[in-house]
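# Structural overview
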Amino acid sequence: MDIHKIRADFPILETQVYGKPLIYLDNAATTQKPELVLRTIQDYYTQYNSNVHRGVHFLSQQATSAYEDARKKVTAFINAKHTHEVIFTRGTTDGINLVASSFGRKFLKAGDSILISAIEHHSNIVPWQMICEERGATIKVIPVNEKGELVLEELDELLDETVKLVAVTYISNTLGTINPVKEIINRAHQQDIPVLVDAAQAAPHLPIDVQELDVDFLAISAHKMYGPTGIGALYGKESWLNQLPPYQGGGDMIKSVSFKKTTYNELPLKFEAGTPSISEGIAFGAAVDYIQGLGLNNIQEAESQLYSYAVEALQTIDELRFIGEAKHRAASISFLVGDAHPFDIGEILDKQGIAVRTGHHCTEPIMQYFNIPGTVRASIAVYNTPEEIDKLVTGIKKAVTLLS
Ligand code: PMP
C-alpha cells in the first residue's frame with residue numbers, strides 16, 4: 001500500500017493544529033473521511049436529494065437505488081447471506097439497543113440472564129442492564145485478567161441455563177484486546193445460546209465473515225470505518241430477525257395500518273422506522289468501497305506492523321506503563337505515564353498537534369478493574385505512519401519533563 005497516496009485521500013490530514021501538523025491518533029473514537037466519502041455526500045445533496053422507498057419520481061428512485069446499493073456493499077463486506085439481514089441503524093449503540101429491546105421483550109423473563117464481558121464498551125452494557133431491569137433478569141460477566149484478556153476457563157460454567165444471550169466485543173476500544181469471538185460463539189452455540197458481537201472496533205481493522213463466525217447478531221458503526229456519523233449496520237440471522245418484534249414504530253416499517261390492526265413490513269424495513277440517514281447510508285457504501293479498494297488483508301497487515309512499531313517505541317519511555325498487554329491486540333494502545341494524570345498528558349500532546357484520547361473511553365468497569373482513573377489512548381488507522389508514532393514518543397517524553 002502506498003501510504004502517501006492513502007494520506008492524500010484524506011484532506012483533513014493537511015490540517016495544522018496550534019501551527020503544528022495534525023497527528024491524528026484518536027481513530028477508535030472516529031476515523032477521518034476520505035475524499036470519496038465526502039464527494040458521495042456532496043453528490044447526493046447536489047444531484048439527487050430525495051426521500052427513499054416511497055417516491056414514484058426520478059430522484060426518489062435514484063436515492064433509493066443508491067441507498068439499497070449501499071446495503072448490498074455492507075452485506076458483501078461482512079459476507080452476510082442476504083441483504084435483508086442487514087439493518088441500517090444509527091450506529092453500534094443503536095444496533096445493540098435494537099437487539100436488547102426486541103430480544104429482551106420477546107425472550108427475557110425473571111430469573112434469566114445476559115452474559116457480557118468485563119471489557120465491554122458502555123453501549124454493550126447499559127442497554128442490557130436496562131432491559132434486564134425491566135424483565136427481572138440479570139447480567140453476568142466473563143472476567144478479565146491483568147493482561148486484558150478474557151478468562152475463558154470459566155465460560156462453560158457461566159453458560160448455564162439462565163443465559164439467554166451472550167454479548168461480547170470483538171476488539172476492545174480501550175485495551176486493543178482481540179477477543180476469540182469464534183470460540184465464544186462455538187461454546188455458546190453448544191448450549192443453544194445466541195451471540196451478539198460488537199464489531200465497532202473490528203470492522204475497520206480485520207476482515208469479518210458473519211457466516212464463517214456463525215454469529216447471530218453483529219453491530220458496526222460507519223464512522224469508525226472512514227464513513228459518516230449517524231449510520232451503522234446491524235447484522236442479524238434471518239431466523240432471529242423474523243422472530244423479533246419491531247424496535248420502533250413509524251413509517252416504512254409497516255405493511256398496512258388501520259386503527260384496528262397494523263401489520264409489519266418485511267425485513268429489513270421492519271426494523272427501519274422513519275426516514276433514514278440517506279446521504280450517510282450511501283456514503284457508508286462509499287466507505288466500504290474505499291476499504292475494499294485498499295483490501296482489508298492489506299490494511300490488517302500494515303496496521304499490525306505499525307501497532308508493533310508503536311508498542312516497541314513506547315516501551316523506550318521508562319515511566320510508561322501499558323494498560324492491556326493481551327497476546328492478540330490491535331488498533332488501540334492504552335497507557336499511563338508515571339504518576340501523571342492521563343488528561344495532563346493528553347493536553348500536552350494536544351499542544352504539539354497530537355490528538356489522543358484520555359479518560360475511561362466509555363469502559364468504566366475496565367478502569368475499576370485496573371483501579372485507575374483513566375488512560376491515555378493512542379489508536380491507529382490506515383493513514384498513520386511510523387514518523388507520527390516517533391512524534392508521539394517525543395511528545396510523551398516532553399510531557400514527562402514538563403510534569404516532573
Ligand atoms: N462498542 C465499541 C467497542 C466502541 O468502541 C464504540 C464506540 N466508541 C461503540 C461500541 C459505540 O459506537 P457508536 O458510538 O458509534 O454507537
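Within any chain, residue numbers begin from 1 and follow the written order of that chain's sequence. Only residues with pLDDT of at least 70 get local features here, since the model is predicted, and only at 80 or more are side-chain atom pairs given and counted; chain-wide, interface and lining totals rely on the full set of residues. Remark: hydrogens and water are excluded; side-chain values derive from all non-hydrogen atoms of the structure.

Helix numbers and strand numbers start at the N terminus; a helix is a DSSP run of H or I with at least 4 residues, a strand a run of E with at least 2. Along its length, the chain carries 14 helices and 17 strands. Put simply, the radius of gyration uses C-alpha atoms, and a globule should come to 2.2 Å times the residue count raised to 0.38. Rg of the C-alpha trace for the chain: 22 Å, near the compact-globule value of 22 Å for 404 residues, within the 12% margin. When the 404 residues of the chain are sorted by exposure, 56% land in the buried category. Contact criterion: two residues are considered in contact whenever any of their non-hydrogen atoms come within 4.5 Å of each other. For the chain, restricting intrachain contacts to residue pairs at least 6 apart in sequence, the fraction spanning at least 24 positions comes to 72%. Methods summary: accessible areas were calculated by the Shrake-Rupley approach with a probe of 1.4 Å, and residue burial reflects only the protein chains presented. Put simply, the chain shows about 17300 Å² of open surface, and 50% of that area lies on carbon and sulfur atoms. Neither His nor the chain ends contribute to the count of charged residues, in which Lys and Arg are positive and Asp and Glu negative. Where a charge lies is defined by one atom per residue type, namely NZ (Lys), CZ (Arg), CG (Asp) and CD (Glu). Of note, the chain has its 35 positive side-chain charges centred 6 Å away from the centre of its 49 negative side-chain charges. Buried, partly exposed and exposed residues are distinguished by accessible area as a fraction of the type maximum, computed with a 1.4 Å probe on protein chains only: under 20%, between the cut-offs, and over 50%, respectively.

Further remarks concern the site of the ligand. All residues adjacent to the ligand are T92, T93, H121, S123, T169, N173, D198, A200, Q201, S221, H223 and K224. Take T92: an N or O atom from its main chain is 3.4 Å from an oxygen atom of the ligand. The term polar contact refers here to a pair of N or O atoms within 3.5 Å; inside protein, the definition further demands a hydrogen-donor-capable atom paired with an acceptor-capable atom, and it admits residues adjacent in sequence only when both atoms are side-chain atoms. Between the ligand and S221 there is a distance of 2.7 Å, counted from an oxygen atom to a side-chain nitrogen or oxygen. Bound to the protein, the ligand loses 86% of the 400 Å² it would expose on its own. Here the ligand is seated within the largest pocket. For the shell around the ligand, the class distribution of residues is one nonpolar, nine polar and two charged. Definition of nearness: a residue and a molecule or strand are near each other if at least one heavy atom of the residue lies within 4 Å of the molecule or strand. Cavities and pockets are defined on a 1 Å grid built over the protein atoms alone: a cavity is a set of grid points where a 1.4 Å probe fits but cannot escape, while a pocket is an open set with protein on both sides within 12 Å along at least five of seven lines, and lining residues are those with an atom within 4 Å of any such point. In this description, a molecule resides in a pocket or cavity if more than half of its atoms sit within 2 Å of the grid points defining it. Nonpolar residues are Ala, Val, Leu, Ile, Met, Phe, Trp, Tyr, Cys and Pro. Charged residues are Asp, Glu, Lys and Arg, and all others, Gly as well, are polar.

This part takes up the sheet that holds strand β8 (residues 195-198). Pairing between strands is defined by DSSP: at least two bridges between them are needed. Overall, mixed pairing links the seven strands, which are arranged β4-β10-β9-β8-β7-β5-β6 in an open sheet. With one partner strand each, in any of the chains shown, β4 (86-89) and β6 (138-142) form the two edges of the open sheet. Sheet twist, expressed as the average angle between the axes of neighbouring strands with direction ignored, equals 20°. Where β4 and strand β10 (residues 232-236) come together, four bridges link them in antiparallel fashion. When the sheet's bridge partners are listed, V86 is paired in β10 with Y235. Interaxial angle, 0 to 180 degrees, is taken between N-to-C directions of lines fitted to C-alpha atoms, where a helix line uses only the stretch in contact.

Everything listed is a geometric property; what it means functionally is a separate question.
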